[in-house]
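Structural description and commentary
In case you want the letters, here they are:
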Amino acid sequence: MATTLELTTNSPEETQALGHRLGAEAMPGDLILLSGELGSGKTTLAQGVARGLDIKGYAHSPTFVLVNEYKGRLTLYHIDLYRLDDPGEMAELGIEEMLTDGVCIVEWAERALALLPSEFLLIELFALAPTHRRLRLEARGEHYQRLIARLRTFAKSR
Ligand SMILES: Nc1ncnc2c1ncn2[C@@H]1O[C@H](COP(=O)(O)OP(=O)(O)OP(=O)(O)O)[C@@H](O)[C@H]1O
Ligand SMILES: [Mg+2]
């Protein structure tokens, strides 16, 4: 089964649409890791995931809090590791607990990769032009391979 999927989006709305589909497909325990430069679109994608989980009033403000929690069809834990000073803080967050029945989406995941579970969907974002982004999805584990397979129809429809 294919483990990667690459697509290009040409606007923030298109990136959100992929996130929306991902949120709609998400199951309890899903872990989505986001990696990409400042302004590459990680939060924009996460906004779409929130909508796909029927979360109302999602507002991600840059704060010093590492985790924001939102209630929807499933609870979404939005973790932003940009300001992670000490990887030990990651261990204290208790991500395993969040994953018992929620969905976790992690910005700047590469900052604590060794402390995260070994199976996840990794999405790398690359800014190609002011409004163009390359998104590379990679599955770690069979569960996420199946998720990518379900997202393939979205990629084809574009
Ligand atoms: N195709 C696109 N997909 C996503 N965002 C886009 C796209 N085209 C333009 N943008 C713009 O790029 C910016 C992306 O910002 P966003 O906050 O999502 O990035 P980020 O990766 O979360 O950055 P940070 O590392 O600072 O948290 C937004 O202003 C958005 O409108
Ligand atoms: Mg962000």
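If you're wondering where the values come from, they're calculated on a predicted model, not measured in any experiment.

As a further point, take the overall build of the chain. Within the chain, the secondary structure is distributed over five helices and seven strands. At 14 Å, the chain has a C-alpha radius of gyration in line with the 15 Å of a compact globule built from 158 residues. The dimensions of the chain, computed from C-alpha atoms along their principal axes, are 40 × 35 × 30 Å. Relative to its full complement of 158 residues, the chain shows a buried share of 37%.

This part takes up the site of ligand 1. Of all residues adjacent to ligand 1, which total 18 residues, the nearest are Thr-15, Gly-41, Lys-42, Thr-43 and Thr-44. Those elements giving two or more residues to the shell around ligand 1 turn out to be helix H1 (12-25), helix H2 (42-52) and strand E7 (132-140). Counted by class, the shell around ligand 1 contains two nonpolar, twelve polar and four charged residues.

Attention now moves to the sheet that holds strand E3 (residues 67-71). Hydrogen bonds between backbone groups are what pair the strands of a sheet, and the pairing can be parallel or antiparallel. If you trace the seven strands from one edge of the open sheet to the other, you get E1-E7-E6-E2-E5-E4-E3, paired in mixed fashion. Of all the strands in the sheet, the pair left with one neighbour each is strand E1 (4-9) and E3. Strand-to-strand twist across the sheet, computed as the mean angle between neighbouring axes with direction ignored, equals 20°. In terms of strand pairing, strand E2 (residues 31-36) meets strand E6 (residues 120-129) through five bridges, oriented parallel.

With six of its six residues buried, E2 lies for the most part within the structure. The alternating pattern of E2 places Leu-31, Leu-33 and Ser-35 and Ile-32, Leu-34 and Gly-36 on opposite faces, both of which are buried. Where E2 meets strand E5 (residues 103-107), four bridges bridge the pair, whose relative direction is parallel. Bridged to Leu-34 within E5 is Glu-107.

In this section: unusual backbone geometry. Even without being a glycine, Asp-54 presents a positive backbone phi close to 60°. Turning to its location among the elements, Asp-54 is positioned in the loop between H2 and E3. Here the phi dihedral of Trp-108 falls at roughly 60°; this positive angle occurs in a residue that is not glycine. On the secondary structure map, Trp-108 appears in the loop between E5 and E6.

The rules behind each value
- Residues numbered from 1 in each chain as written.
- Chains lettered and ligands numbered in written order.
- Predicted model: local features only at pLDDT ≥ 70, side-chain atom pairs only at ≥ 80, totals over all residues.
- Helix = DSSP H or I, 4+ residues; strand = E, 2+ residues; numbered from the N terminus.
- Rg over C-alpha atoms; globule rule 2.2 N^0.38 Å.
- Buried ≥ 20, exposed ≤ 12 C-beta atoms within 10 Å, placed from the backbone.
- Near = placed C-beta within 6 Å.
- Nonpolar A, V, L, I, M, F, W, Y, C, P; charged D, E, K, R; others polar.
- Pairing = 2+ DSSP bridges.
- Axes fitted to C-alpha atoms, helices over the stretch in contact; angles between N-to-C directions.

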